[in-house]
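Single-letter residue listing:
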Amino acid sequence: MFDWWEHLSGDLTFGLLGFTKGSHLGEAIHFFLYDTLKIFILLVVIIFVVSFFRTYFNTEKVRVYLQGKSEFSGNIFASFFGIITPFCSCSAIPLFLGFMQARIPMGITFSFLISAPLNNEIAIAMLFGLFGWKITAIYIGLGLSIAILGGYMIGKMKLEKYVLIPVTPMEGELDDVKIELSLNKRVKEAWDYTQDIFTKIYLYVMMGVGVGAFIHGYIPADFISQYAGGNVWYAVPLAILMGIPMYSNAAGIMPLVEVLTSKGMLLGTALAFMMAVTALSLPEAMILKRILHIKLIAIFFGIVGFGILLVGYLFNTIL
């Protein structure tokens, strides 16, 4: 898909700019130019498409649909809703509280909280561009499974008593909200949103690609293979533990996944690291501690962490 830009960026790096092909700096510059533009194009296109379809939904409509739904069907819908919401783990928390106010069962709200950072459109766009549709489809399926089953398990544990702040239920029934927008308005709203998201994340993309370019140009492949690439049993849990203290969105961490796998790290290990960074961050835990008991947070992190562990091992096994 991007062969034209790979050749053009190579001509720019090694021809116009005069860097030596095969040199550490030259390869790093080539990687940075190629990956940055490729990821920018993918982000703009896919965020716009998802944003356009999102104009047919809004939060109130989702609340209406989820209200009174049985737990498992509600878990499924909330998890799919997480795909089309542009939230990282921390920014999803206000909507999480809004769902609780709407008397939506706790397990269903947790399905959304798990799915939103794991399966957002930015992660999907970058996975598709870097690894193709098959890997992306498997990732989405496994991410949804973690959200659905994780939320369902939390719901069955009846942990409402561990919510620390009073959540005042909304009075009466929620009314369905009709969205009346012309096609031109939908296109404009989607484009405005795409521009807004792009301006917020492009620096993260460039920083992530920059770190990836350094690893690509200066870190030998055998170094990564020796210390992080083997199919040893502790590689995946170690990657998860390393990812939890970090906080980033998919735009910042995905370029690292690409370069680490190209240097010899198994894909399941790299994806487990990315999922831990986006879904199990310490900043998220600190925010949740204000509204949830530490026991509930530990259960939440434990269930999601175990799901990510299984995903890592599964990817390493099948790929």
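The paragraphs below set out a description of the structure included in this document. (Residues numbered from 1 in each chain as written. Predicted model: local features only at pLDDT ≥ 70, side-chain atom pairs only at ≥ 80, totals over all residues. Heavy atoms only, no water.)

Here we come to the overall build of the protein chain. In terms of regular secondary structure, the protein chain is built from 15 helices and zero strands. By the burial criterion, 50% of the 319 residues in the protein chain qualify as buried. Only carbon and sulfur atoms are counted for the fraction: they give 69% of the accessible area of the protein chain, which is about 15000 Å². (Helix = DSSP H or I, 4+ residues; strand = E, 2+ residues; numbered from the N terminus. Buried < 20%, exposed > 50% of the residue type's maximum accessible area, 1.4 Å probe, protein only. Areas by Shrake-Rupley, 256 points an atom, 1.4 Å probe, with all protein chains shown as cover.)

Our next topic: the nonpolar core. A general feature of soluble globular proteins is that nonpolar side chains tend to end up buried together. Leu43, Phe110, Ile122 and Phe300 are the most contacted members of the largest nonpolar core, which has 75 residues in total. Setting aside residues no more than four positions away along its own chain, Leu43 makes contact with Phe48, Ile122, Ala125, Met126, Ile201 and Val205. (Core = buried A, V, L, I, M, F, W, Y, C linked by side-chain atoms within 4.5 Å. Contact = heavy atoms within 4.5 Å.)

For the rest of this paragraph, the subject is the packing of helix α9 (residues 183-218) against helix α12 (residues 250-262). Contact pair α9 / α12: the axes reach a minimum separation of 7 Å and the direction vectors enclose 20°. Comparing their axes, α12 and α9 come out roughly parallel. Note on packing geometry: the crossing formed by α9 with α12 is right-handed. Contacts between α9 and α12 involve Ile201, Tyr204, Val205, Gly208, Val209, Val211, Gly212, Ile215 and His216 on the former and, on the latter, Ala251, Gly252, Pro255, Leu256 and Val259. Per-class residue counts for the contact of α9 with α12 are ten nonpolar, four polar and no charged. (Axes fitted to C-alpha atoms, helices over the stretch in contact; angles between N-to-C directions. Parallel < 35°, antiparallel > 145°, perpendicular 65-115°, else oblique. Left-handed = near helix turned anticlockwise from the far one by under 90°. Nonpolar A, V, L, I, M, F, W, Y, C, P; charged D, E, K, R; others polar.)

Further remarks concern the packing of aromatic side chains. Counted by the stated rule, this structure contains ten aromatic pairs. Judged by centre distance (5.7 Å) and plane angle (90°), the rings of Trp233 and Tyr234 are edge-to-face. For Trp233, a relative accessible area of 65% puts it in the exposed group. Here Tyr234 falls in the partly exposed class, since its relative accessible area comes to 43%. The rings of Phe40, Phe198 and Tyr202 are connected pair by pair, giving a single aromatic cluster. (Phe/Tyr/Trp six-rings, centres within 6.5 Å; stacked < 30°, edge-to-face > 60°.)

Next up on the list: the pattern of salt bridges. One pass over the full model with this rule turns up three salt bridges. Across the pair Lys38 and Asp35 runs a salt bridge, and its minimum N-O distance is 3.5 Å. Here Asp35 and Lys38 lie together in helix α2 (residues 24-54), a separation of three residues that amounts to about one turn. Judged by its relative accessible area of 0%, Asp35 is buried. A salt bridge links Asp192 to Lys188; the nearest nitrogen and oxygen atoms lie 2.8 Å apart. With a gap of four residues between them, Asp192 and Lys188 both fall in helix α9, about one helical turn apart. (Salt bridge = Lys/Arg side-chain N within 4 Å of Asp/Glu carboxyl O.)

Let us look at the packing of helix α1 (residues 3-16) against α2. With their axes 9 Å apart at the nearest point, α1 and α2 run at an angle of 145° to one another. Helix-helix and strand crossings are classified by hand; for α1 and α2 the assignment is right-handed. Residue-level contacts link Trp4, Trp5, Glu6, Ser9, Gly10, Leu12, Thr13 and Phe14 of α1 to Gly26, Glu27, Ile29, His30, Leu33, Tyr34, Leu37, Lys38 and Ile41 of α2. Classifying every residue of the contact of α1 with α2 by side-chain character gives nine nonpolar, five polar and three charged.

A surface patch of nonpolar side chains, amounting to about 710 Å² of accessible area, comprises Trp4, Leu8, Leu37, Ile41, Val45, Val49, Phe53 and Tyr56. Sorting elements by how many residues they give to the nonpolar patch places α2 first, with five residues. The topology assignment puts Phe53 in helix α2. (Patch = residues over 30% accessible without salt bridge, like charges linked within 9 Å, V, L, I, M, F, W, Y side chains within 5 Å.)

With that settled, consider unusual backbone geometry. Look at Lys158: it is not a glycine, yet its phi comes out positive at around 55°. Structurally, Lys158 can be placed in the loop between α8 (133-156) and α9. The class for Lys158 is exposed, based on a relative accessible area of 53%.

Just geometry here; none of it tells us what the structure is for.
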